[in-house]
Amino acid sequence: ALRASWEGAKPTYADAVIRAVALALTEHPGVNSRIDGESIVALDDVNVGMAVALDEGLVVPVIRNADRLPLPELASVTAELAGKAREGALGPDDYDGGTFTVTSLGGQGIDAFTPVLNLPEAAILGVGRSREVAVRDGDAVAWRQHMTLSLTIDHRLIDGYPGALFLADVVARLEQPGEL
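Position numbers for residues count from 1 along each chain, tracking the sequence in the order it is written. Side-chain atom pairs in this predicted model are given and counted only at pLDDT of 80 or more, local residue features only at pLDDT of at least 70, and totals for whole chains, interfaces and linings cover all residues. Calculation of side-chain values draws on the structure's entire complement of heavy atoms; hydrogens and water are dropped beforehand.

Asker: So, the packing of helix H2 (residues 13–27) against helix H3 (residues 71–87): which residues are in play, and what are the values?
Answerer: Running from N to C, H2 and H3 point in directions that differ by 115°, and their axes come no closer than 10 Å. In the crossing of H2 with H3, the sense of the turn from one axis to the other is right-handed. Packed against H2, whose contacting residues are Asp 15, Ala 16, Ile 18 and Arg 19, the element H3 presents Leu 71, Leu 74, Ala 75 and Thr 78 at the interface. Gly falls in the polar group here, along with every residue not listed as nonpolar (Ala, Val, Leu, Ile, Met, Phe, Trp, Tyr, Cys, Pro) or charged (Asp, Glu, Lys, Arg). Looking at the contact of H2 with H3 residue by residue, the classes come out as 5 nonpolar, 1 polar and 2 charged. To obtain each axis, a line is fitted to C-alpha atoms, and for helices this fit is confined to the stretch in contact; angles are then taken between N-to-C directions over 0 to 180 degrees. Put simply, DSSP H or I for four residues or longer makes a helix, DSSP E for two residues or longer makes a strand, and each gets a number counted from the N terminus. By convention, the crossing between two helices is left-handed when the near helix turns anticlockwise from the far helix through less than a right angle, and right-handed when the turn is clockwise. Contacts between residues were defined by any pair of non-hydrogen atoms, one from each residue, lying within 4.5 Å.

What follows is the structure, given as structure tokens:
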């Protein structure tokens, strides 16, 4: 319903996930960190990589300062980067500086999978397909949109509980799309 209310290019579910991730990363700096030699470095910038599948393989262009982009502007950036990726027009700067990656197999009908870390990042989020599911709503049954999110973390940087708190934050934000 929110997407239908916007004029012009409509943000996708993937855009909403990237925006929710970017906002959650500001609240969970351990997830937005990396190992540099023997040290753990908390990163100031929130630069979210988005995996784009090509016939030749996967590429991960980076959305810089994703936490500062309103959802419609973020959607414009993701569309531009995906287009450049498919045209083979990404430059080295388009790949550099990622602090977290979002990858999706939902478009291929996959519900859940385990994404592989994009080192040296601390975590990666896998997004399954969005589908309608019957859920209990009091004494009734209602249809709701559901998608599976799978978080892979580098346990040298993040333990399971802080990772779970981050993921719960992402989910809470997605459940309030008007606030993205």
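Here the narrative resumes, following the displayed structure.
Asker: Describe in detail the pattern of salt bridges, supporting the description with residues and values.
Answerer: Pairing is possible between side chains of opposite charge, provided their charged atoms come close. Take a side-chain nitrogen of Lys or Arg and a carboxyl oxygen of Asp or Glu: if they are within 4 Å of each other, that pair is a salt bridge. Throughout the structure, instances matching the rule amount to 6 salt bridges. The closest approach of N and O atoms between Arg 129 and Asp 111, which form a salt bridge, is 2.4 Å. In this pair, Arg 129 is assigned in the loop between strand E8 (123–127) and strand E9 (131–137) and Asp 111 in the loop between strand E7 (100–104) and E8, connecting sequence segments 18 residues apart. Burial here depends on accessible area, computed with a 1.4 Å probe over protein chains only, as a share of the maximum for the residue type. Under 20% is buried, over 50% is exposed, and the range in between is partly exposed. On the basis of relative accessible area, Arg 129 is assigned to the partly exposed category, the value being 31%.

Asker: I'd love a proper account of the sheet that holds E8, names of residues and values included.
Answerer: What makes two strands pair is DSSP finding at least two bridges between them. Strand order in the open sheet formed by 5 strands is E6-E3-E7-E8-E11, and the pairing between neighbours is mixed. Two strands bound the open sheet, and with one partner strand each, they are strand E6 (62–63) and strand E11 (149–153). Most of the contacts of helix H5 (residues 160–174) go to E11, to which it runs at about 150°, and overall it touches E7, E8 and E11.

Asker: Describe the environment of Arg 34, and please don't skip the residues or the numbers.
Answerer: Relative to the assigned elements, Arg 34 resides in strand E1 (residues 33–36). Taking C-alpha positions, Arg 34 is 5.4 Å from Glu 121, a pair spaced 87 residues apart along the chain. Under the rule applied, a polar contact is a pair of N or O atoms within 3.5 Å (in protein, one hydrogen donor and one hydrogen acceptor; residues adjacent in sequence only if both atoms are side-chain atoms). Among the polar contacts listed, one links the side chain of Arg 34 to the backbone oxygen of Gly 98, at a separation of 2.5 Å.

Asker: Can you explain the confidence of the model for the chain? Please cite residues and give values.
Answerer: One confidence number per residue, pLDDT, is output by the predictor and ranges from 0 to 100. Across the chain, pLDDT averages 93, with 99% of residues at or above 70. Summarising per-element confidence for the chain, the mean pLDDT is lowest in helix H1 (residues 2–5) (76) and highest in E6 (98).

Asker: Run through the nonpolar core, naming residues and quoting values.
Answerer: Side-chain atoms within 4.5 Å link the members of a nonpolar core, which is a set of buried Ala, Val, Leu, Ile, Met, Phe, Trp, Tyr and Cys residues. Within the largest apolar cluster, 39 residues are counted, with the highest numbers of intra-cluster contacts made by Val 21, Leu 25, Val 48, Phe 100, Val 102, Leu 125 and Phe 166. At the level of elements, H2, strand E3 (48–50), strand E4 (52–54), H3, E7, E8, E11 and H5 are the ones that each hand at least two residues to this core. Top element by residues in this core is H2. It accounts for 9 residues. Setting aside residues up to four positions removed in sequence, Val 48 forms contacts with Ile 18, Val 21, Ala 22, Leu 25, Pro 61, Val 62, Ile 63, Ala 66, Phe 100 and Val 102.

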